[in-house]
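Listed below are the residues making up each chain.
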Amino acid sequence: MTFPIHRMRRLRSTPALRDLFQETKPHTSDFILPLFVDENLKTPQAVGSMPGVFRHTLNSLTHEAERAHSLGIPAVLLFGIPKTKDVLGSEAYRKTGMLQKAVRTLKKEVPSLAVITDVCACEYTSHGHCGILQKNDVANDPTLKLLQKIALSHAEAGADMVAPSDMMDGRVAAIREALDGNGFENTPVLSYAAKFSSSYYGPFRDAADSTPAFGDRKTYQMPAANAREALREIELDIEEGADAVMVKPALTALDVIAKAKEKFLLPLWAYHVSGEYSMVKAAEKMNWLQKDVAMAESLLAIKRAGADRIITYWAKEAAQFFKRG
Ligand code: PBG
Ligand code: ZN
């Protein structure tokens, strides 16, 4: 028995009915805001390729974090841009580095806001790659030692969670060991477990000053074609002790998010990345689409696919939008 008994349009006929039958309901607390703090600045600086996003000073970072938290954003993901870079990325783990200072400041000024730190070397290496180079490629095992030092320095500064984004093999186990060996057995690791090599990171690399000086990141980040391999990456990170896992980018990997949600029981996050944000911003500027509607549709799709939380440059706007339903 089908039409005219069944009429799908019945449930869509008024806003009230549409609301009653809405399956996916994003909430303000689903959204995590990435923030950039730059040691070189006296005043905040707009990121050209990401309208609405700034590189912050310690001061403006604190204000932005307060504003986001007051809208209901539960956490920020911090990136640091140092004054000096070297081949070994040694600035990344300095106790008094910009990011470490920022963590201390935020935990003092906005204590109920969770501070997550991105653990990677690419903002700190003179060559812009995510680890230590040998023969023009990132050497896996030497990089693990660097990542241990970075993660530990973040935990010591008071980070609520560390999030390695480098895609080295064995980094979750290495970071877990370094944290546990130094009294941080309660600091969780959020792994960027399935991170695809992506053109959608372009605007971020402007923001974080982390464009590789030569080549690309294809020997460590995942090929877009491989979903089964992405699930293996997630599985291995879970075995190594990850507390939560992330898929990135989001919109180009909705299938991976959906499969990972079925397969694994860990909290599953998605990173709605810079290019996904910027392309809608650009289209809005051209009057080619309505930003808020496109934003909501993208975030709904990511949540519908199975993401428990979404890291997005739209966190503040999304928090306000989904408060209204
Ligand atoms: C650094 C890092 C990147 C992103 C998060 N951490 C860039 C990259 O891998 O080149 C991307 C975030 C975004 O595009 O918003 N390893
Ligand atoms: Zn990196």
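Anyway, here's the lowdown on the structure attached to this text. (Residues numbered from 1 in each chain as written. Chains lettered and ligands numbered in written order. Predicted model: local features only at pLDDT ≥ 70, side-chain atom pairs only at ≥ 80, totals over all residues. Heavy atoms only, no water.)

Quick word on the coordination of the zinc ion (ligand 2)
Reference values for coordination geometry: four tetrahedral donors around a metal ideally subtend 109.5 degrees, six octahedral donors ideally subtend 90 or 180 degrees. Every protein donor of the zinc ion (ligand 2) is accounted for by Cys 120 (SG), Cys 122 (SG) and Cys 130 (SG), and the metal-donor separations fall at 2.2 to 2.3 Å. Here the zinc ion (ligand 2) binds 4 donor atoms, and the angle range of 100 to 122 degrees at the metal identifies the geometry as tetrahedral. Mapped onto the sequence, the donors of the zinc ion (ligand 2) take the spacing C-x1-C-x7-C. Among the residues examined, Cys 130 registers a relative accessible area of 1% and is labelled buried. (Donors = N, O, S within 2.8 Å, 3.2 Å for Na, K, Ca; no water. Tetrahedral: all angles 85-135°; square planar, octahedral: opposite > 155°, others 65-115°. Buried < 20%, exposed > 50% of the residue type's maximum accessible area, 1.4 Å probe, protein only.)

Thoughts on a nonpolar patch on the surface
Together, Leu 11, Leu 20 and Phe 21 make up a nonpolar patch on the protein surface, roughly 320 Å² of accessible area in all. Structurally, Leu 20 can be placed in helix α1 (residues 15-20). The exposure class of Leu 20 is exposed, given its relative accessible area of 65%. (Patch = residues over 30% accessible without salt bridge, like charges linked within 9 Å, V, L, I, M, F, W, Y side chains within 5 Å. Areas by Shrake-Rupley, 256 points an atom, 1.4 Å probe, with all protein chains shown as cover. Salt bridge = Lys/Arg side-chain N within 4 Å of Asp/Glu carboxyl O. Helix = DSSP H or I, 4+ residues; strand = E, 2+ residues; numbered from the N terminus.)

Digging into empty space enclosed by the protein
Per the counting criterion, the structure on display carries 3 cavities of 30 Å³ or more. Its boundaries defined by the atoms lining it, the largest cavity holds a volume of some 140 Å³. If you trace the largest cavity, you find 20 residues lining it, with Cys 122, Lys 195, Tyr 201, Phe 204 and Lys 248 closest to the centre. For the lining of the largest cavity, the secondary structure elements donating two or more residues are β9 (190-195) and α6 (202-208). (1 Å grid on protein atoms, 1.4 Å probe; cavity = no way out; pocket = protein on both sides within 12 Å on 5 of 7 lines; lining within 4 Å. Points joined across faces, edges and corners; volume = space filled by probe spheres on them.)

Points about the pairing of strand β5 (residues 114-119)
Burial analysis of β5 places 5 of its 6 residues in the buried class, which makes it a mostly covered element. Inspection of the sheet shows strand β4 (residues 75-81) paired to β5 by 4 bridges, in the parallel sense. Directly across from Leu 78, in β5, lies its bridge partner Thr 117. Following the chain from β4 across helix α3 (residues 98-109) to the adjacent parallel β5, one finds a crossover that is right-handed. Note: β5 against strand β8 (residues 161-164), 4 bridges, orientation parallel. Within β8, the residue paired with Thr 117 across the bridge is Val 162. (Pairing = 2+ DSSP bridges. Right-handed = clockwise from strand over helix to strand, strands pointing away.)

Here's the deal with the pattern of salt bridges
This model, assessed by the stated rule, comprises 18 salt bridges. Close ionic contact of Arg 171 with Asp 237 constitutes a salt bridge, the shortest N to O distance being 3.5 Å. Of the two residues, Arg 171 is situated in helix α5 (residues 171-180) and Asp 237 in helix α7 (residues 227-240); the sequence distance between them amounts to 66 residues. Judged on exposure class, the residue Arg 171 and its partner Asp 237 are both buried. The partner of Asp 243 in a salt bridge is Arg 176, and the shortest N-O contact between them spans 3.6 Å. Residue Asp 243 is found in the loop between α7 and β10 (244-248), and its partner Arg 176 is found in helix α5; the two are separated by 67 residues along the sequence. For Arg 176, a relative accessible area of 13% puts it in the buried group.

A few points about the site of ligand 1
If you check the shell around ligand 1, you find 19 residues, and the closest are Lys 195, Arg 205, Lys 248, Ser 274 and Tyr 313. Within the side chain of Gln 221, one N or O atom sits 2.8 Å away from an oxygen atom of ligand 1. Here ligand 1, which alone exposes 400 Å², has 100% of that area covered by the protein. The residue inventory of the shell around ligand 1, partitioned by class, reads 11 nonpolar, 3 polar and 5 charged. (Near = heavy atom within 4 Å. Polar contact = N/O pair within 3.5 Å; in protein donor to acceptor, adjacent residues only side chain to side chain. Nonpolar A, V, L, I, M, F, W, Y, C, P; charged D, E, K, R; others polar.)

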